[in-house]
Amino acid sequence: MWEASSDIIKHKNLRLLDIIGFETEENLIKYIRLAIQRAIALQRIHLHEKEPCEDCDDIYLNTPSLSRTRFPNNEQEKDLLREQLLQGFSSSIEIIIGCY
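Cut-offs and rules
- Residues numbered from 1 in each chain as written.
- Predicted model: local features only at pLDDT ≥ 70, side-chain atom pairs only at ≥ 80, totals over all residues.
- Heavy atoms only, no water.
- Core = buried A, V, L, I, M, F, W, Y, C linked by side-chain atoms within 4.5 Å.
- Buried < 20%, exposed > 50% of the residue type's maximum accessible area, 1.4 Å probe, protein only.
- Helix = DSSP H or I, 4+ residues; strand = E, 2+ residues; numbered from the N terminus.
- Contact = heavy atoms within 4.5 Å.
- Pairing = 2+ DSSP bridges.
- Axes fitted to C-alpha atoms, helices over the stretch in contact; angles between N-to-C directions.

Talk me through the nonpolar core; I want residue IDs and the actual numbers.
Judged by nonpolar contacts, the single largest core of 17 residues is most densely connected at Ile32, Ile45, Leu47 and Leu85. When residues of this core are traced back to their parent elements, those giving at least two are β1 (16-20), α1 (26-38), β2 (44-48), α3 (75-86) and β3 (94-97). Take this core: its biggest share by element is four residues, from α1. Apart from the residues within four sequence positions on either side, Leu85 is in contact with Ile29, Ile32, Arg33, Ile36, Leu47 and Ile95.

Let's hear about the sheet that holds β1: which residues, and what values?
Strand order in the open sheet made by the three strands is β1-β2-β3, with parallel pairing throughout. Either end of the sheet is taken by a strand with one partner, and the two such strands are β1 and β3. Averaged over all pairs of adjacent strands, the angle between strand axes in this sheet comes to 10°, irrespective of strand direction. Across the sheet, α1 is in contact with β1 and β2; its angle to β1 comes to roughly 170°. Of the strands in this sheet, β2 and β3 touch α3, which is tilted by about 140° from β3.

As structure tokens, this is what we get:
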């Protein structure tokens, strides 16, 4: 089990957090919220369901996902996730959920 130390200093250089393989699991949401709290220069978060295949992007991206129920499927779910991630923060971080 991973736990963040309470004595970690603020990160001053991280501007983009890019997560491939995102699922709406509690631990991953806590991790992102911790990054928002600690990375004071963070400007953008990209959350992707899976990484595209270099040889067959169209086939790979159009294949149904096994984790489809754990990744936001529509704009309402994406908006709810954004609210959950930014709740309690006065942040102007842009959160992009979906394709590259």
